[in-house]
Amino acid sequence: MTVTALPSQVPVVVVGAGYAGLSAALTLHDAGVPALVLEAADRVGGRILSQSTSSGVVVDHGGQWVGPTQRHLLGWAERFGCATFPTWDTGAHLELWHDGALRRYTGEGPDGAPGLAEYVAATARLDELARRVDTSDPGSCPDAAAWDAETVESYLSREVACPDARRRLALAVQGVWAVEPREISLLHLLFYTASAGGFDQLMQTRNAAQDARFVAGAQAPALAAARRLGDAVVLGTPVESVDQGGDGVLVHTARGTVRAGRVVVATPPPATAGIRFRPGLPAARARWVQRSVMGDVAKVHVVYAEPFWRNEGLSGIASLYGEDAVGVVFDNSPPDPGPGVLVGFVYGDRLRVWSTLDGPARRAAVLATLTRLFGPRAGEPVEYLEKIWPEDPWAQGGYAANPTPGAWVAHGSSGWRRPCGRIHWAGTETADGWNGYIDGAISSGVRAAGEILAAERIAVTGEGGSHRS
Ligand SMILES: Cc1cc2nc3c(=O)[nH]c(=O)nc-3n(C[C@H](O)[C@H](O)[C@H](O)COP(=O)(O)OP(=O)(O)OC[C@H]3O[C@@H](n4cnc5c(N)ncnc54)[C@H](O)[C@@H]3O)c2cc1C
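One numbering rule holds for all chains: residues counted from 1, following each sequence as written. Side-chain atom pairs in this predicted model are given and counted only at pLDDT of 80 or more, local residue features only at pLDDT of at least 70, and totals for whole chains, interfaces and linings cover all residues. Side-chain figures throughout are based on the complete set of non-hydrogen atoms in the structure, without hydrogens or water.

Caption draft 1: Seen up close, the side chain of R43. For R43, the location among the structural elements is in the loop between β2 (35-38) and β3 (50-52). Of note is the side chain of R43, whose polar atom sits 2.7 Å from the backbone oxygen of G46. The contact criterion used is simple: two residues touch if any of their non-hydrogen atoms lie within 4.5 Å. Other than its neighbours up to four places away in sequence, R43 contacts I48, L49, Q219, L235 and W389. Helix numbers and strand numbers start at the N terminus; a helix is a DSSP run of H or I with at least 4 residues, a strand a run of E with at least 2. Any pair of N or O atoms that falls within 3.5 Å is considered a polar contact. Within protein, one atom must be able to donate a hydrogen and the other to accept it, and sequence-neighbouring residues count only if both atoms are side-chain atoms.

Next comes the structure, spelled out in structure tokens:
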């Protein structure tokens, strides 16, 4: 809700009402500790934004999928009664190659698909390396220094001889991290893979990260959590600065100052960098935040009268290895019969080119690609919607922030998420399970709230119950 006056004093302030901040506040609330959530935007959900369109479909401009091992998000879905449904993957998938070859396939990939066997071998090797990473302190494993000093690009150039396998791996990196392989370190890729439980968990649809969607949109659990917190969630209130003293913090906003015992900062790294901390943050934390760079991603939804591609035996899933703006396409239609929806992901270098075009040119580029894939009907949508995440004032990119090469080893151990006195850190970027995902955001909020309960010696006795020891 939006209030005119802020309370002058609360036990805990949470900065940010994305899944991480809501999770921290809800965990405290369940333990009987009131927390005031200050949110900059005029809505909750952060990088999750569901919209009901004029065609009557719900589109998720940000995060949308949930997988079977994402127990924190599934727990919220159950707690708040938010139904999910399987991602549509029935029918033949498509691959469009840089040389114009369009291949139709079912299963792992087309027969004799270029580079597929070498791709599978390379991902198995990456899984093997990922198992050596300690997800609670990635910079500490024996090979961390070498892996963090190397980009994924240089690793792939050295280890994967087949150029088509490298093209597949490059698209995988774009698809999962929304960056180019030259922009992240091998260590970050291995950590992230380990935090999800393996490369297939990141890449696959069925029984993996892309398994299911929310009937009412992925924002529904966040909206339900915010309703549970009621007046404790205050919108339209960016936190400008945080002063820390021996016995508490002062959280400053244009609406006034709130005194609190502790604060949870649950904002993406670029937004954290925009908050002034007095005294300044320890060097490792300051550098970690500065060197955590958001990925570049846009999602484009194209709505049709019906999912016409299904009649032609196509799943709507396509991977594009050439110069098209879109890298991957999925069928994002609602669960019930009615309009058909294709979603296209534009990321990395593709986004950097495509986002410089004006609106009509961006639309034309996407529709031209969909027409190459699915035929002339793809050029006649009833609705076209796009969200370019680097232009979002608070997220400033997506899906998540990636530490630049060298940052894990130089600053990770103490800069990643260690509390700075009375300041605690949440946000998907601080998660050791499903880092970068909604699930990681929720678990990070639980962890940050747990730090506060432990520091204040509050034992949790069940929902709403607690006692001081
Ligand atoms: C296009 C896209 C697709 C994605 N797909 C998926 C997916 O399918 N599945 C999945 O699990 N994840 C997906 N993700 C990732 C997922 O959205 C994020 O991991 C998750 O939402 C991060 O939650 P968070 O709470 O850590 O951060 P955020 O959601 O960014 O929340 C931070 C909040 O802090 C607020 N804020 C910022 N600065 C201030 C300030 N100074 N004062 C007060 N408030 C402030 C922001 O407005 C925001 O509400 C996707 C992300 C994007 C962008």
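So that's the structure; there's more coming.
Caption draft 2: Fine view of the UniProt feature "domain: Amine oxidase" (unreviewed entry) in the protein chain. UniProt positions are given in the numbering used here, feature names are shortened, and annotations may be inferred rather than shown by experiment. Per the UniProt annotation, the sites labelled "domain: Amine oxidase" (unreviewed entry) are residues 20-453. With 35% helix and 22% strand, the stretch residues 20-453 has end C-alpha atoms that lie 16 Å from each other.

Caption draft 3: Seen up close, the site of the ligand. Proximity is defined per residue: if any heavy atom of the residue lies within 4 Å of a molecule or strand, that residue is considered near it. E39, R47, T428, G436 and I438 are the nearest of the 38 residues found near the ligand. The backbone of A20 places a nitrogen or oxygen atom 2.9 Å from an oxygen atom of the ligand. With respect to the ligand, the backbone of Y437 contributes an N or O atom lying 3.4 Å from an oxygen atom. Residue-level accessible areas treat just the shown protein chains as cover; the underlying method is Shrake-Rupley with a 1.4 Å probe. Protein chains bury 97% of the 1,000 Å² of accessible surface belonging to the ligand in isolation. Of all the elements in the fold, those that place two or more residues in the shell around the ligand are α1 (19-30), β16 (297-304) and α16 (438-455). For each domain, the first and last residues come from an automatic or database assignment. Taken domain by domain, the makeup of the shell around the ligand includes at least three residues from each of domain 1 (9-46 + 219-281 + 420-468) and domain 2 (51-68 + 84-89 + 210-214 + 296-391).

Caption draft 4: Expanded view of the pattern of salt bridges. Here, a salt bridge means any side-chain nitrogen of Lys or Arg that lies within 4 Å of a carboxyl oxygen of Asp or Glu. Considering all chains together, one arrives at 23 salt bridges under this definition. When the shortest N-O distance is used, the salt bridge between R372 and D324 registers 3.1 Å. With R372 in helix α14 (residues 359-374) and D324 in the loop between β17 (314-320) and β18 (328-331), this pair connects stretches of sequence that are 48 residues apart. Its salt-bridge partner being D392, residue K387 comes within 2.9 Å of it at the nearest N-O pair. As far as the burial class goes, K387 and D392 line up, both buried. Relative accessibility thresholds used throughout: buried, under 20% of the residue-type maximum; exposed, over 50%; partly exposed, between the two (1.4 Å probe, protein chains only).

Caption draft 5: View of the nonpolar core. Throughout this description, the term nonpolar core refers to a set of buried Ala, Val, Leu, Ile, Met, Phe, Trp, Tyr and Cys residues connected via side-chain atoms within 4.5 Å. Ranked by internal contacts, the top residues of the largest apolar core, which has 44 residues, are Y19, L22 and V233. Mapped onto the domain boundaries, this core takes at least three residues apiece from domain 1 (9-46 + 219-281 + 420-468) and domain 2 (51-68 + 84-89 + 210-214 + 296-391).

Caption draft 6: Structural view of unusual backbone geometry. In this model, R278 is joined to P279 through a cis peptide bond whose omega is -5°. Among the secondary structure elements, P279 is positioned in the loop between β14 (276-278) and α11 (283-290). Look at the link from G398 to Y399: it is a cis peptide, with omega at 5°. Examined against the element boundaries, Y399 turns out to sit in the loop between β20 (383-388) and β21 (401-403). For Q396, which is not glycine, the phi dihedral falls at a positive 60°. By the secondary structure assignment, Q396 is in the loop between β20 and β21. Exposure remark for Q396: the relative accessible area of 36% places this residue in the partly exposed category. Non-glycine residue W434 carries a positive phi angle of around 50°.

Caption draft 7: Expanded view of the domain arrangement of the protein chain. Under the domain assignment, the protein chain is made up of domain 1 (9-46 + 219-281 + 420-468), domain 2 (51-68 + 84-89 + 210-214 + 296-391) and domain 3 (116-203). Taken over C-alpha atoms, the centre of domain 1 sits 32 Å from the centre of domain 3. Domain 1 puts 7 residues into the contact, and the matching count from domain 3 is 9 residues. Roughly 620 Å² of surface becomes buried between domain 1 and domain 3 when both sides are summed, with 52% attributable to carbon and sulfur atoms. By definition, the buried area sums, over both parts, the 1.4 Å-probe accessible area that each loses when the two are put together.

Caption draft 8: Here's a closer look at the side chain of D243. Mapped onto the secondary structure, D243 falls in strand β11 (residues 239-245). What makes D243 buried here is its relative accessible area of 19%. There is a polar contact of 2.7 Å between the side chain of D243 and the side chain of R278.

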